Amino acid sequence: MAGELDVVVFGAGGVTGRNVAAYLASRATEGSLKWAAAGRDPHKVQGVLGQLGVRPPEILTADVSAPESLVAMASRARVVLDLVGPYTRYGRPVIDACLDGGAHYADLTGELPFVRGIIDAHHERATRAGLKLVQVCGFESLPADLLVAELAELAAAESGDGLASVDLDVTVTAPPGRPYASDMVSGGTFQSIAALTGADDAALALDPAVLIPENAAAAAVRTRSPITLAPRRGADGVVIAPMAPAPFINPGVIHRSAFLRAQARGDTFEPFRYREGIAIGGRTVTLPARWLAGAAMGATMSALGAVARSGPAVRRPVAGAMAKLGPGSGFGPTGARLERWRWRMTATALTRSGRELHATLDADGHPGYLATARLLGEAGILLAEDGATPAVGGCLTPAAALGTECLERFARAGLRFSSPRGASSRP
């Protein structure tokens, strides 16, 4: 790759894109990072970023309706971070441009049928070119994917063992005061869910093996690790509710990571059971209310799944109503409220030999707005650095693209990993 820019943020004027740009601007003060913002309207991008006190070294003009502008952008970059969604509608031209222009690519999509389409269309070409197409690279699914990969590496390093099961729970601590509707789901995320619901291949999103193209391996995942939506009991009376904003995203990514890991090592792929959810804690007296909340979340996700499985006569009108009545892509919280969120992921694994392993991460910032932007920004910086990530190309998950050697780097983005294998003991 010969691009003179390390990282370009495409869609820097959006709610999350502006936070990615702010993170890169902050990191650029520490070293020699060369970055630029990009968008359809450079004046709008300049105005939006100016409100945050961010002055990009350069603002590129790029528009998904003008493929030549996307190729021009990609040809100048080592890495393009794509923040223009819904990706089912707007992502493919940017990926095509990165392949033509010779740039790595990363995005925040949770639209797994779209990701599967990119795998089928471009994995071989990206592999031959040594280019990384890294999707689902924000709160979904970078933290969980890296946490599970760390446990898999730990099991393999200590005894050559594999994982039999992983349970991953997330605890979120919101800022004090009155909650806001925008705290839960951003307009961009909501519009992505609406676009996915209306897509012809929407039902693929419910498949935990959607990102595994090998039929036998995919069937094994479906048998071993189906996605469940009912709340379950965690330790110390905690209720584990379905993952938010959707429980159908992380499993497909994590199982693909395990599949790619087995391929890279020449091992037989043996899937593990994976479960995840939001941990709702509280006093014993609140247990019925917490079970009710978990059940309501499960019922909502089940209803979305039923729509996704339905025919076009049902699916498309529902998706259209969601897109029209729901918040738009500019809807989301801003300011100091974003900084005051805290969250933790805890993963407990059982190896095939029966050993129990634990790993956790603690993080700062709103998961879906601020933390996700910083994670994508740091991932982009890593991808732009020679030798910082595994020398492999293709349509990759965050764990496959970045590797577990980089975990400490994400402390810069407010993500702190802790596992029995410290940095000094990494192979």
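Everything here concerns the structure above.
Everything quoted here is computed from the prediction, not taken from an experiment. (Residues numbered from 1 in each chain as written. Predicted model: local features only at pLDDT ≥ 70, side-chain atom pairs only at ≥ 80, totals over all residues. Heavy atoms only, no water.)

**Quick word on the packing of helix H1 (residues 15-28) against helix H13 (residues 367-384)**
We apply this condition: To define axes, lines are fitted to C-alpha atoms, for helices over the stretch in contact only, and angles between the resulting N-to-C directions are given on a 0 to 180 degree scale. A run of H or I in DSSP becomes a helix once it reaches four residues, and a run of E becomes a strand once it reaches two; helices and strands are each numbered from the N terminus. Each angle gets one of four labels, with under 35 degrees taken as roughly parallel, over 145 as roughly antiparallel, 65 to 115 as roughly perpendicular, and the rest as oblique. By convention, the crossing between two helices is left-handed when the near helix turns anticlockwise from the far helix through less than a right angle, and right-handed when the turn is clockwise. Here, residues are in contact when the closest pair of their heavy atoms is within 4.5 Å. Note that Gly is not counted as nonpolar here; it falls among the polar residues with everything else outside the nonpolar set of Ala, Val, Leu, Ile, Met, Phe, Trp, Tyr, Cys and Pro and the charged set of Asp, Glu, Lys and Arg.
Viewed as axis vectors pointing N to C, H1 and H13 meet at an angle of 50°, and their least axial separation amounts to 8 Å. Relative to H13, the element H1 is oriented oblique. Of the two possible hands of crossing, H1 and H13 adopt the one that is right-handed. Contacts between H1 and H13 involve Val15, Thr16, Asn19, Val20, Tyr23, Leu24 and Arg27 on the former and, on the latter, Gly368, Tyr369, Leu370, Thr372, Ala373, Arg374, Leu376, Gly377, Glu378 and Ile381. The class makeup of the residues in the contact of H1 with H13 is nine nonpolar, five polar and three charged.

**Section: the sheet that holds strand S14 (residues 415-418)**
Selection rule: Two strands qualify as a pair provided that DSSP identifies no fewer than 2 bridges between them.
Strand order in the open sheet formed by seven strands is S8-S9-S10-S7-S11-S12-S14, with mixed pairing between adjacent strands. On the outer flanks of this sheet lie strand S8 (232-233) and S14, each paired with one strand and no other. The pairing of strand S7 (residues 163-173) with strand S10 (residues 273-280) spans six bridges and is parallel. Each bridged residue has a counterpart across the sheet, and for aspartate 169 the counterpart in S10 is glycine 277. Packing against the sheet, helix H10 (residues 287-309) makes contact with S8, strand S9 (239-241) and S10, and its axis sits at approximately 15° to S9.

**Topic: the layout of surface pockets**
To keep things clear, this is the line we draw: Put plainly, a pocket is an open set of points on a 1 Å grid over the protein atoms alone with protein on both sides within 12 Å along at least five of seven lines, a cavity is a set where a 1.4 Å probe fits but cannot get out, and a lining residue has an atom within 4 Å of a point. Grid points are joined across faces, edges and corners, and a volume is the space filled by probe spheres set on the points.
The calculated volume of the second largest pocket comes to roughly 490 Å³. Together, 20 residues line the second largest pocket, and Leu260, Arg261, Ala264, Ala399 and Ala400 are the ones closest to its centre. Listed by contribution, the elements that provide at least two residues to the lining of the second largest pocket are helix H5 (112-129), helix H6 (142-159), helix H9 (250-265) and helix H14 (398-402). Counting residues per element, the lining of the second largest pocket draws most heavily on H9, at six residues. The residue inventory of the lining of the second largest pocket, partitioned by class, reads eight nonpolar, seven polar and five charged.

**Details of the pairing of S10**
Stated precisely, the cut-off is as follows: Type-normalised accessible area, obtained with a 1.4 Å probe on protein chains alone, sets the label of each residue: buried when under 20%, exposed when over 50%, and partly exposed for intermediate values.
The buried fraction of S10 amounts to six of the eight residues, a majority that puts the element mostly inside the structure. As defined by bridge partners, S9 adjoins S10 across three bridges and the pair is classed as antiparallel. By the bridge assignment, alanine 241 is partnered in S10 with isoleucine 278.

**Re helix H2 (residues 42-51)**
Quick reminder of the rule: The reported arc concerns the directions from the helix axis to the C-beta atoms and nothing else. Here a polar contact is taken to be a pair of N or O atoms separated by no more than 3.5 Å, where protein atoms must pair a possible hydrogen donor with a possible acceptor and residues adjacent in sequence count only if both atoms sit in side chains.
Within H2 the residues assigned to the buried category are Val45, Val48 and Leu49. The arc enclosing the buried residues of H2, seen along the axis, measures out at 95°, which places them on a common side. Exposed residues lying more than 90 degrees from the buried face of H2 are His43 and Gln51. Each element contacted by the buried residues of H2 is listed here: H1, strand S2 (35-39) and strand S3 (59-61). Put simply, aspartate 41 is the residue that caps the front of H2, since its side-chain oxygen is 3.0 Å from the backbone nitrogen of histidine 43. After H2 finishes, the residue glycine 53 shows a positive phi value of roughly 75°.

**Structural notes on the pattern of salt bridges**
Keep this limit in mind: Each salt bridge in this description consists of a side-chain nitrogen of Lys or Arg and a carboxyl oxygen of Asp or Glu lying within 4 Å of one another.
Applying the stated criterion to the full structure yields 21 salt bridges. Residue glutamate 58 pairs with arginine 76 through a salt bridge whose shortest N-O separation is 2.7 Å. Of this pair, glutamate 58 sits in the loop between H2 and S3 while arginine 76 is found in the loop between helix H3 (67-75) and strand S4 (77-82), placing the two residues 18 residues apart along the sequence. You can call glutamate 58 partly exposed: its relative accessible area is 29%. According to the relative accessible area criterion, arginine 76 is partly exposed, its value standing at 24%. By sharing partners, the salt bridges in this structure join Arg27, Glu30, Glu378, Glu385, Arg409 and Arg412 into a single network.

**Focus on the state of the cysteines**
Note the following rule: When two cysteine sulfur atoms lie within 2.5 Å, the pair is treated as a disulfide.
Within the structure shown, the criterion is met by zero disulfides. A disulfide-free cysteine, cysteine 137 has its sulfur positioned 9.7 Å from the sulfur of cysteine 406, the nearest such atom. For cysteine 137, a relative accessible area of 1% corresponds to the buried category. Cysteine cysteine 395 shares no disulfide, and the gap to the nearest cysteine sulfur, in cysteine 98, comes to 12 Å.

**A few points about the sheet that holds strand S1 (residues 5-10)**
Read from one edge of the open sheet, seven strands run S3-S2-S1-S4-S5-S6-S13, paired in parallel fashion. Each of the sheet's edge strands pairs with one partner strand only, and the pair in question is S3 and strand S13 (394-396). Between one strand axis and the next, the sheet turns by 20° as a mean value, whatever way the strands run. Alignment of S4 against strand S5 (residues 104-107), held across four bridges, turns out to be parallel. Bridge assignment links valine 80 to a residue of S5, and that residue is tyrosine 105. Here helix H4 (residues 87-101) sits on the sheet in contact with S1, S4, S5 and strand S6 (132-134), set at roughly 165° to S5. Its contacts with the sheet place H5 against S5, S6 and S13, and it is angled at close to 140° to S13.

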